[in-house]
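# Notes for the structure review
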Amino acid sequence: MLILLPPSEGKAEAGTGRRLDLSKLSLPELNPAREEVLAALVDLCAGPDEAAAREALGLSEGQRGELRRNARLRAAATAPAGRIYTGVLYEALDLATLPPAAERLARRSVLVSSGLWGAVRLTDRIPPYRCPVGARLPGVGALSAYWRTALAGAMAVAAGKGPVLDLRSGAYAATWAPRGAVAERTVTVRVLHEREVDGVPTRSVVSHFNKATKGRLVRDLLTAGARPRTADALVGALRELKYQVEEQPRAAGRPRQVDVVVTEL
């Protein structure tokens with residue numbers, strides 16, 4: 001099983017170990033693309049036009065410190081990606097408290113999408129950075145389109161022959177869309193919050209519920225030692241973990257879409 005996660009905007013303040021070494025990252029076939037994006041990002045953030053750099057990265061004037069951090073990425077200390085990402089999803093996943101067997105499964109199963117790295121495993125050592133996939137970098141262009149080309153082969157190989165649980169947000173999902181047989185084995189999840197409004201049950205997508213639920217869902221699968229071999233078995237595993245799962249109509253050659261309905265965090 002391959003589990004695809006989005007990154008988080010929230011990141012650790014600093015790494016704790018050696019400097020970045022692209023040759024040590026998983027999916028080494030992505031390294032030429034990673035080097036190109038990294039060089040463009042560092043040059044942009046170290047350059048004289050701060051306003052242009054902030055605009056390219058979607059940063060406010062109060063976030064200019066992110067530019068200084070990006071400019072020093074090659075010399076910055078690193079930490080495992082699982083410690084770098086600190087947002088709501090990763091708080092709910094709580095990697096640091098996983099039992100040993102679940103942690104080993106996470107290392108093998110999880111890939112995190114990234115506007116800078118393309119995709120990394122939780123154990124890959126990276127520095128804190130700011131590079132949303134919606135950014136446009138000089139010489140590289142729109143990162144979503146750039147990674148769509150670079151990721152195609154590597155992600156198909158990473159998917160292997162088992163099911164894919166795709167929990168990425170829309171912008172990151174656009175960087176790699178499963179095709180053919182891989183699409184048939186892929187399950188995408190939408191989290192719906194159900195509540196009563198004037199006595200009428202109402203469902204809506206709420207960002208915090210979405211992220212926290214996805215983090216808990218992955219944690220539960222890992223802790224249970226789930227190793228489904230098919231998309232059907234993956235959906236069944238979620239139901240066995242007491243999630244309310246509702247399948248959407250299927251379309252040939254497309255990922256299976258399911259809704260996970262929650263009433264509280």
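Residues numbered from 1 in each chain as written. Predicted model: local features only at pLDDT ≥ 70, side-chain atom pairs only at ≥ 80, totals over all residues. Heavy atoms only, no water.

A maximum bend of about 50° is found in helix α7 (residues 143–159) at L151. Where α7 is concerned, the buried positions are L143, Y146, W147, L151, A154, M155 and A159. G160 sits one or two residues past α7 and shows a positive phi near 60°. (Bend = angle between axes of the 7 residues up to and from the residue. Helix = DSSP H or I, 4+ residues; strand = E, 2+ residues; numbered from the N terminus. Buried < 20%, exposed > 50% of the residue type's maximum accessible area, 1.4 Å probe, protein only.)

In this structure, L5, W117 and L137 are the most contacted members of the largest nonpolar core, which totals 83 residues. Tallying contributions element by element places helix α1 (residues 31–46) first for this core, with 8 residues. When near neighbours in sequence (up to four residues on either side) are disregarded, L5 contacts L89, Y90, L93, V110, L111, V112, S113, L167, R168 and V218. (Core = buried A, V, L, I, M, F, W, Y, C linked by side-chain atoms within 4.5 Å. Contact = heavy atoms within 4.5 Å.)

Here we come to the side chain of T186. In this structure, T186 sits in strand β9 (residues 186–197). Looking at T186, its side chain comes within polar contact range of the main-chain oxygen of V182, at 2.7 Å. If near-sequence neighbours (up to four positions away) are discounted, T186 is found in contact with V164, D166, P178, P255 and R256. (Polar contact = N/O pair within 3.5 Å; in protein donor to acceptor, adjacent residues only side chain to side chain.)

So, about unusual backbone geometry. Although it is not a glycine, L27 adopts a positive phi angle of roughly 50°. If you trace the backbone, L27 turns up in the loop between β1 (2–5) and α1. Of the residues examined, L27 reaches a relative accessible area of 9% and is grouped as buried. Of note in this structure, D94 is not a glycine but carries a positive phi near 50°. As for its position among the elements, D94 is in the loop between α5 (88–93) and α6 (100–109). Residue D94 is classed as partly exposed on the basis of its relative accessible area, which comes to 31%.

With that settled, consider the packing of helix α2 (residues 50–57) against helix α3 (residues 64–71). Contact geometry of α2 with α3 gives a least axis separation of 10 Å together with a crossing angle of 90°. Relative to α3, the element α2 lies roughly perpendicular. Listed contacts from α3 to E50, A53, R54 and L57 of α2 are R64, L67 and N70. Looking at side-chain class alone, the contact of α2 with α3 contains 3 nonpolar, 1 polar and 3 charged residues. (Axes fitted to C-alpha atoms, helices over the stretch in contact; angles between N-to-C directions. Parallel < 35°, antiparallel > 145°, perpendicular 65-115°, else oblique. Nonpolar A, V, L, I, M, F, W, Y, C, P; charged D, E, K, R; others polar.)

Here we come to the environment of D198. You can see D198 is positioned in the loop between β9 and β10 (200–204). The exposed category is assigned to D198, whose relative accessible area is 78%. Separated by 184 residues in the primary sequence, D198 and A14 have C-alpha atoms spaced 47 Å apart.

Attention now goes to the pairing of β10. Bridge count for β9 against β10 is 5 bridges, and the pairing is antiparallel. Bridge pairing in β10 places E194 opposite R203. Joining the antiparallel neighbours β9 and β10 is a turn of 2 residues, in which D198 adopts a positive phi near 55°. (Pairing = 2+ DSSP bridges.)

Next up on the list: α1. When the terminal C-alpha atoms of α1 are compared, their 22 Å separation across 16 residues agrees well with the 22 Å that a helix rising 1.5 Å per residue should span. Buried within α1 are the following residues: N31, A33, R34, V37, L38, A40, L41, V42, L44 and C45. Those residues of α1 hidden inside the fold are in contact with α2, α3, β4 (118–121), β6 (136–137) and α7. (Expected span 1.5 Å × (residues − 1).)

Moving on: the pairing of β9. The pairing of strand β8 (residues 164–166) with β9 spans 3 bridges and is classified as parallel. Counterpart to L165 in the pairing with β9 is V187. Pairing analysis gives 7 bridges linking β9 to strand β12 (residues 256–262), with the strands arranged parallel. Counted as the bridge partner of R190 is D259 from β12.

With that settled, the discussion passes to the environment of R64. Tracing the sequence through the fold places R64 in helix α3. The spatial distance from the C-alpha of R64 to the C-alpha of I84 is 20 Å, given a sequence separation of 20 residues. When residues no more than four places from it in sequence are discounted, the contact partners of R64 are E50 and R54.

The description of two packed helices rests on the angle between their axes and on the distance between the axes. Interaxial distance between α1 and α7 falls to 10 Å at its minimum, and their mutual angle equals 165°. Between α1 and α7, the angle falls in the class roughly antiparallel. In this structure, α1 crosses over α7, and the sense of that crossing is right-handed. In this structure, α1 contributes A33, R34, E36 and V37 to the contact, and α7 contributes L143, Y146, W147 and A150. (Left-handed = near helix turned anticlockwise from the far one by under 90°.)

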